[in-house]
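Each chain, written out:
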Amino acid sequence: MKFEGRVIKYGDNIDTDVIIPARYLSTSDPSELAKHCMEDLDKTFVSRVQKGDILVGGKNFGCGSSREHAPIAIKASGISCVIAKTFARIFYRNAINIGLPILECAEAAEDISEGDHLIVDLSRGEITNVGKNRVYTAIPYPGFMQEIMKANGLIEKIRKEKEEESRK
Amino acid sequence: MGMTMTQKILASHAGVDKVKPGQLINARLDMVLGNDITTPVAIKEFRKIGADRVFDMEKIAIVLDHFTPNKDIKSAQQVKFIREFAREMGIVNFFDVGQMGVEHALLPEKGLVVPGDVVIGADSHTCTYGALGAFSTGVGSTDMAAAMATGEAWFKVPGAIKFMLKGKPGEWVSGKDIILHIIGMIGVDGALYESMEFTGEGVRHLSMDDRFTIANMAIEAGAKNGIFEVDEKTIEYVKEHSSREYKIFTADEDAEYREVYEVDLSSVKLTVAFPHLPENTRAIDEVGDVKIDQVVIGSCTNGRLEDLRIAAKVMKGKKVHPNVRCIIIPATQKIWKEAMNEGLFDIFIDAGAAVSTPTCGPCLGGHMGILAEGERAVATTNRNFIGRMGHTASEIYLASPAVAAASAIAGRIVSPDKV
Ligand code: SF4
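Residues numbered from 1 in each chain as written. Chains lettered and ligands numbered in written order. Predicted model: local features only at pLDDT ≥ 70, side-chain atom pairs only at ≥ 80, totals over all residues. Heavy atoms only, no water.

## Notes on the packing of aromatic side chains
Evaluation of the coordinates by the stated rule reveals 14 aromatic pairs over all chains. Between A:F61 and A:F91, the aromatic rings sit 5.3 Å apart at their centres with planes inclined by 75°, giving edge-to-face as the arrangement. Taken together, the positions of A:F61 in the loop between β2 (54–57) and α4 (69–76) and A:F91 in helix α5 (residues 89–98) put the pair 30 residues apart, joining distant regions of the chain. Considered together, A:F61 and A:F91 belong to a single accessibility category, that of buried residues. Both rings, one in A:Y92 and one in B:Y193, keep their centres 6.4 Å apart while their planes meet at 80°; by these two values the pair is edge-to-face. Of this pair, A:Y92 sits in helix α5 while B:Y193 sits in the loop between α6 (175–186) and β9 (195–199), each in a different chain. An aromatic cluster of three or more residues is present, and its members are A:F61, A:F87, A:F91, A:Y92 and B:Y193. In this arrangement the basic side chain of B:K156 is found over the ring face of B:Y193, its NZ or CZ atom lying 5.4 Å from the centre. A cation over a ring is seen here: B:R282 above B:F274, with NZ or CZ 3.9 Å from the ring centre. (Phe/Tyr/Trp six-rings, centres within 6.5 Å; stacked < 30°, edge-to-face > 60°. Helix = DSSP H or I, 4+ residues; strand = E, 2+ residues; numbered from the N terminus. Buried < 20%, exposed > 50% of the residue type's maximum accessible area, 1.4 Å probe, protein only. Lys NZ or Arg CZ within 6 Å of the ring centre and 35° of its normal.)

Printed below as a string of structure tokens:
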């Protein structure tokens, strides 16, 4: 899995209340949620994000509530992948479960600037900064999580397993 | 090497003798929880699996607490969708208006969690049940969907940080002050991915309500779960609320901890978290002059009977400051009734406070007390993020019920001795 895109960068402790404010949670429609993504932090996000862009954050990205609406809103806004120093744990598992690629890499999160052009190789955990001519390595996913990613999320994985079971 | 409390519970539910930090396991679940915001997403995902029934009708709890009684048409639609699903699947522990309370106050009260359980909930404060010596953690809707179908969830086994509590808390100092103090000390990612284990002789000075408050906010330090050692108080609570069998797990002597903190409860002061992170804590004597517009006493952190009793003790015979709206929200129907029968409502209403039916309401900026631009609130809730309770230019100060009640009277943040 490879992604290429331009960077939109934020700081530490980006919480799920700013990723998608609670006042929009009376819907779970991804395209509706995407319209308000990052609204309370950066009103310009929605108008400037382009398909394939890569979101970069500092430490504890996605802290706060368990709302899956947060990674869903990010994914639906067109972001291809999120890189951060560290992720809050519920956000981490939600992103994996819904198939939003995320990478933890402190070096990359520090060195990358807003607007940089990146190529991300997910299976190898490799992030190439084209403009700065640098390569950072993140820890690749453990096999178990790669399986979820490959299946395009946890639900698909379980559905396939159920199907196979009933065929036996 | 030995195992921590959490690791032992997880090992027993994964059907293995031993687990170690970082290991990925599949564990059997004793309870799966969802609320009115996260369950609709879970139902849609559940349908995609193609399962025609849930793994166990008694092991799923759905609580409609966030936007209920419904605040608008959209949330009414969402809740209707859940209600139909719950009926179709025969979900036993489905709590609608009139039965419901704030989920994390409700589940222990209904006896749905006992020591040694593994619980996941599509709500981050599911970690609250660690107060009972259970492993419980917040997950997302997809996890909930998968769990409703399979009765299992994947976990990365966490390492742990140990908090050795000693001494007795001073006057007015509560579980809220202790956990705010700890988060101020280690930061909002101080326990990222790990368990916070609370032990030591100081634990016996903490009521169950204090322990629920402390475990509730483990997530605000980034932790996967917070867990208390089981003692007589826990057992008494469990026997009073549940007839289910429970199992006590204790940490091995040689269990490994990333860090061990000693917390002397007698030196913990009344503590307030300033905007916009729970780690921005200050002792009450360093707060300065902070004028406020609203006080909210309630939520899964501090909406229990003991919290209301403390607030009433502070407010008795006094009046809410003319510039302040004070909103009090008992967390469950049972707490509501008990508070009413004890005469606490007379005290609140005579003081000029509003008492609401159970709901999360203002805690997440849903309804029942949203803040306008530039307004400041003292809340007994657990998050003071930007925009959490309303306008992005409003401010939330997190405090205990005692400090919140005193602040409502004074019109600015003060200690209960000052009113
Ligand atoms: S009271 Fe607040 S923190 Fe607790 S479950 Fe409700 S919204 Fe979440």
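## With respect to helix α8 (residues 154–167) of chain A
A rise of 1.5 Å per residue sets the reference length of α8(A), with its 14 residues, at 20 Å; its end C-alpha atoms lie 20 Å apart and thus fit the reference within 8%. Residues A:L154, A:I155, A:K157 and A:I158 constitute the buried set of α8(A). Seen from one end, α8(A) has its buried residues packed into an arc of 160°, which puts them on one side. In this fold, the buried residues of α8(A) make contact with α5 and α7 (143–150) of chain A together with α2 (39–49), α5 (141–150) and β7 (152–156) of chain B. (Expected span 1.5 Å × (residues − 1). Arc of directions from axis to C-beta. Contact = heavy atoms within 4.5 Å.)

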